[in-house]
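# Inside the fold
Here are the chains, one letter per residue:
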Amino acid sequence: MNTDFHKSTVYQIYPRSFQDTSGNGTGDLKGITRKLDYLKGIGVDYLWITPFFVSPQVDNGYDVADYYRIDPLFGTMEDLEELIAEADRYEIGLMLDMVFNHTSDEHEWFQKALAGEKKYMDFYYFRRGKGPGVPPNNWDNRVAPGSAWEYVPHLDLWYLHLYDRKQPDLNWENPLVREELKKVVRFWVEKGVKGFRFDVVNLVSKPEGLPDDNAEEGMNGKQLYTDGPKIHEFLHELTADTGIASLVTVGEMASTGLSHCIRYSKPENEELSMTFSFHHLKTDYKDGKKWEVMPNDFMALKKLLFTWQQEMKRGGGWNALFWCNHDQPRIVSRYGDDGKYWKESAKMLGLAIHMLRGTPYIYQGEEIGMTNVKNYDCIQDFNDTETQDNYKALLKQGKSPEEALRIICARSRDNGRTPMQWTADPKANGGFTDGTPWLKCNSNVADINVESQINDPDSIYSFYKKLVSLRKEQEVIAEGDVIPCLENHPQIFAYQRVLKNAEGEQKILVICNFTGKEAVIGKEELNFAGEEAVIGKEELNFADIEDSRLLISNYKDTSVQIRNGRLRPFEAAAYQI
Ligand code: GLC
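All chains use their own residue numbering, which begins from 1 and follows the written sequence. Residue-level local features of this predicted model are given only where pLDDT is at least 70; pairs of side-chain atoms are given and counted only at 80 or more, and the full residue set underlies all totals for whole chains, interfaces and linings. As a convention, hydrogens and water are excluded, and side-chain values are obtained from all of the structure's heavy atoms.

## Here we look at the sheet that holds strand β8 (residues 157-160)
The pairing of strands in a sheet happens through backbone hydrogen bonds and is either parallel or antiparallel. DSSP bridges decide pairing: two strands pair if at least two such bridges lie between them. Helical segments are the DSSP runs of H or I of at least four residues, strand segments are the runs of E of at least two, and each set is numbered from the N terminus. If you trace the 3 strands from one edge of the open sheet to the other, you get β6-β8-β7, paired in antiparallel fashion. Among the strands making up the open sheet, the edge pair consists of β6 (126-127) and β7 (149-152).

What follows is the structure in structure tokens.
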């Protein structure tokens, strides 16, 4: 497997919200081409572009009706070819999003299945119910309360859909399905793309016989098909048979396990280059529930990040590093502070994740500190199906409309999908479109936009740009070990990166205050007298900071402060020791 991507940074684009060139209110492929200069400016190596294939857009393109054609909403095949060629000139590779767990119900295969064609019925999971009105098993839908099965009266059969009922699950047990999906991959490789992101790909192997589950309500099925029985075999086959081991691939792994992620991303297994896991983005879920809000459990977050870092390294796997994507609320509003310490906390979060071992992903707008929606005051402001369904469910549970709205404002995926904020003019929709945007712009465009940050050396944008270049300059960031420091400190996330090779030893210390309060490092943890002090697992003399090189920080005179054992609100720095 290729491992060149260890020094790379990927930028994720949600095309419908990135840049509209046609004036129809939806971003398009030409909009991405137009912004290549901007993207090159950040220094990113790859663009992961979420699906733009023909689709009824029930799940904004994650319901694909034709894997080989571009949805006219986003442009034409010529637009894509132009984008690939232009990106190539900038030495930026495209990674396409392959949605292979399910298709749209409008896909030709499913239409033929509904028409009763046996060959295509076997492309999906059609089963008889247990009795009248009773689905074939007790599996729950993953995105809306209720069963994962839909009844088709004229066939008197049910079909499986882990996501929306308009997203029927493909039957990977059927070799014809796997062959069709390989054809899709080969087609796009031929077009010149440099990698792929595979959507919820750890859910594709369902257990034989689709048995009932005995999990708690709402979770049934999950433990049976997550990292399912043949998943490694299927992924290896897909990669080997399409020759994509030399490209960059990432699997979106829903509710996955660490040992599986090691196997998925270990180069010699030839499955994937790396994996997205989501446990670190659930430490603000109350009792594990997405639609209940609570403050982030920082200690849980820290433990998770360290465990995954160390175990993936030990096992030879590779992490995708990220805080944001099109399914997540904005990180600065979540684990940071989008008010008083907006700038400091956005930078701190960037530093905390980018200095870890793995390949970092920047989601559009993260590099300028875009926040959750500030101006959505009714359910009609939201577009996302999952949000709509869960709003109804919250009301059904007895929550008041105000409370339900408060929860969806914090949790909705639309927080991450509002239009990219290019310019300060709210009347011009922040430079996103001349038309009416498909989703309302955030009202803070006047304060948060590319225009005001791009030439400001102190901006979040400039900070991110520096993070991307540090990874290229310092081998230790890409390849070093991760050694947790101050593990029990309730506010500080700190670690060392250490790399020993023929040229000697390289060491970096990263230290981040995750709170809006000053953080004090106790004398027992840190000896400022210049004697050796033990912190975390390794010995580190903090007095070294005096002689060490400050690589990056989010406050002025950071070194002095940290030597005094104090970190200001959300203060963060990295030193080369
Ligand atoms: C992934 C996508 C998400 C989509 C789901 C179903 O999680 O990121 O947007 O709704 O898969 O395809």
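## Some remarks on the environment of N171
Structurally, the position occupied by N171 is in the loop between β8 and α6 (175-191). When the C-alpha positions of N171 and F100 are compared, they lie 9.9 Å apart, and in sequence the two are 71 residues distant. With near-sequence residues (within four places) excluded, N171 lies in contact with D122, F123, Y124, Y125 and V177. For the purposes of these results, a polar contact is taken to be a pair of N or O atoms within 3.5 Å, where, inside protein, one atom must be able to donate a hydrogen and its partner to accept one; residues adjacent in sequence count only when each atom of the pair is a side-chain atom. A distance of 3.3 Å separates the side chain of N171 from the side chain of Y125, its partner in a polar contact. The contact criterion used is simple: two residues touch if any of their non-hydrogen atoms lie within 4.5 Å.

## Quick notes on the pairing of strand β5 (residues 93-98)
Exposure classes here rest on a 1.4 Å probe applied to the protein chains alone. A residue is buried below 20% of its type maximum, exposed above 50%, and partly exposed in between. Among the 6 residues of β5, 6 are classified as buried, and the element is accordingly described as predominantly covered. Here β5 shows two buried faces, one formed by G93, M95 and D97 and the other by L94, L96 and M98. Note: strand β2 (residues 46-49) against β5, 4 bridges, orientation parallel. For W48, the partnering residue across the bridge sits in β5 and is M95. Here 4 bridges tie β5 to strand β9 (residues 195-198), and the two strands are oriented parallel to one another. Across the sheet, D97 pairs through a bridge with R197, a residue of β9.

## A look at the packing of aromatic side chains
Only the six-membered ring of Trp is used, alongside the rings of Phe and Tyr, when aromatic pairs are assigned; centres must lie within 6.5 Å, and planes under 30 degrees apart are stacked while those over 60 apart are edge-to-face, with the rest tilted. Enumeration over the complete set of coordinates arrives at 36 aromatic pairs. Plain terms: the ring middles of Y11 and F18 are 6.3 Å apart, the flat faces sit at 65° to each other, and that makes the pair edge-to-face. You can call F18 buried: its relative accessible area is 0%. Any Lys NZ or Arg CZ found within 6 Å of a ring centre and within 35 degrees of that ring's normal is scored as a charge over the ring. Of note, R16 hangs over the ring of W438, and the distance from its end group to the ring centre comes to 4.7 Å. In this structure, R89 is placed above the aromatic ring of Y90, and the distance from its NZ or CZ to the ring centre is 5.7 Å.

## Remarks on unusual backbone geometry
The backbone of V200 shows a phi angle near 25°, a positive value even though the residue is not glycine. Overall, V200 belongs to the buried group, its relative accessible area being 4%. Located in the positive-phi region is N429, a residue other than glycine, with phi close to 50°. Positionally, N429 belongs in the loop between α14 (401-411) and α15 (450-453). For N429, a relative accessible area of 14% translates into the label buried.

## Some details on the site of the ligand
For this purpose, a residue is taken to be near a molecule or strand whenever a single non-hydrogen atom of the residue falls within 4 Å of it. Residues in close proximity to the ligand include D59, Y62, H102, Y163, R197, D199, V200, E252, H326, D327, R413 and R417, which together make up its full environment. Interatomic distance of 2.8 Å between a side-chain N/O atom of D199 and an oxygen atom of the ligand. Against a free-state accessible area of 310 Å², the protein chains account for coverage of 95% of the ligand. Calculation of accessible area relied on Shrake-Rupley with a 1.4 Å probe; when residues are assessed, cover is drawn exclusively from the protein chains displayed.

## Some words on the side chain of N101
As for its placement among the helices and strands, N101 is situated in the loop between β5 and α4 (108-114). Note on N101: relative accessible area 0%, which makes it buried. A distance of 2.9 Å separates polar atoms of two side chains, one belonging to N101 and the other to K206. Apart from the residues within four sequence positions on either side, N101 is in contact with L162, Y163, P168, D169, L170, V200, L203, V204 and K206.

## A word on helix α8 (residues 231-242)
If you check α8, its first and last C-alpha atoms are 17 Å apart, about what 12 residues at 1.5 Å a residue would give, namely 16 Å. Taken residue by residue, α8 has I231, H232, F234, L235, E237, L238, T239 and T242 as its buried positions. At its buried positions, α8 is contacted by α6, β9 and α9 (258-265). Positive backbone phi, at 70°, marks G243, one or two positions downstream of α8. Any helix carries an expected span of 1.5 Å times its number of residues minus one.

## Comments concerning the pattern of salt bridges
Within this document, salt bridges are pairs made up of a side-chain nitrogen of Lys or Arg and a carboxyl oxygen of Asp or Glu, the two lying within 4 Å of each other. The full count for this structure, using the stated rule, is 44 salt bridges. Residue K30 pairs with D79 through a salt bridge whose shortest N-O separation is 3.4 Å. In this pair, K30 sits in helix α1 (residues 29-34) while D79 sits in helix α3 (residues 77-89), placing the two residues 49 residues apart along the sequence. Look at K30 and you get partly exposed, because its relative accessible area is 39%. Between K118 and D122 there is a salt bridge; the shortest N-O distance is 2.7 Å. The exposure class of K118 is exposed, given its relative accessible area of 56%. A network of salt bridges, in which partner residues are shared, links D59, K290, D327, D384, E386, R413 and R417.

## Quick look at the side chain of E252
Tracing the chain through its elements places E252 in strand β10 (residues 248-252). By relative accessible area, which is 6% here, E252 ends up buried. A distance of 3.2 Å separates a polar atom in the side chain of E252 from a polar atom in the side chain of R197. In this structure the side chain of E252 is engaged in a polar contact, spanning 2.8 Å, whose partner is the backbone nitrogen of V200.

## Some points on the confidence of the model for the chain
pLDDT expresses, on a scale from 0 to 100, how confident the predictor is about each individual residue. Here the chain averages 94 in pLDDT, while 95% of its residues score no lower than 70. The model gives residues 526-540 a pLDDT under 50, and that stretch makes 43 contacts with residues more than four places away or in other chains.

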